[in-house]
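Notes for the structure review
So you can see what is in the structure, the chains are spelled out below.
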Amino acid sequence: VVGDSMQGDGILDGDLIAVQRVIEARHGDTVVARLDGELTVKRLERRDGRVRLLPRNAAFAPIDPSGHDDFAIEGLFVGLVRSA
């Protein structure tokens, strides 16, 4: 993990995360998503047929992928390893 956008969920800069490969995820899941070639870890929000990626740090804005973005769910966050 690079960055602190998920610190509210205990996912910190430098952590290694375990990811279960899936192509679909449910509302509220913490996912690894690909957006225009970049990977990000965020909380998934599904409402009214739209998808939104929510950070767990108020210093970061939500991400609203559009139909023009190259977007895919790559997997579900299932755990982490933190160096001492």
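Report on the accompanying structure. The shown structure was predicted, so the numbers you read here are calculated from the model rather than taken from an experiment. (Residues numbered from 1 in each chain as written. Predicted model: local features only at pLDDT ≥ 70, side-chain atom pairs only at ≥ 80, totals over all residues. Heavy atoms only, no water.)

Where burial is concerned, most of strand β2 (residues 30–35) is hidden: five out of the six residues are buried. One ladder, built from six bridges, connects β2 with strand β3 (residues 38–47); its direction is antiparallel. Looking at β3, one finds that Val-31 is bridged to Lys-42. Taken together, β2 and the strand that follows it, β3, pair antiparallel across an intervening segment of two residues, in which Asp-36 is found at a positive phi of about 50 degrees. For β2 and strand β5 (residues 71–81), the ladder comprises five bridges, and the chain directions are antiparallel. (Buried < 20%, exposed > 50% of the residue type's maximum accessible area, 1.4 Å probe, protein only. Helix = DSSP H or I, 4+ residues; strand = E, 2+ residues; numbered from the N terminus. Pairing = 2+ DSSP bridges.)

Attention now goes to the environment of Thr-30. Note on placement: Thr-30 falls in strand β2. On a C-alpha basis, the gap between Thr-30 and Arg-82 in space is 18 Å, while along the polypeptide they are 52 residues apart. When near neighbours in sequence (up to four residues on either side) are disregarded, Thr-30 contacts Met-6, Asp-9, Ile-11, Val-41, Lys-42, Arg-43, Gly-75, Leu-76 and Phe-77. (Contact = heavy atoms within 4.5 Å.)

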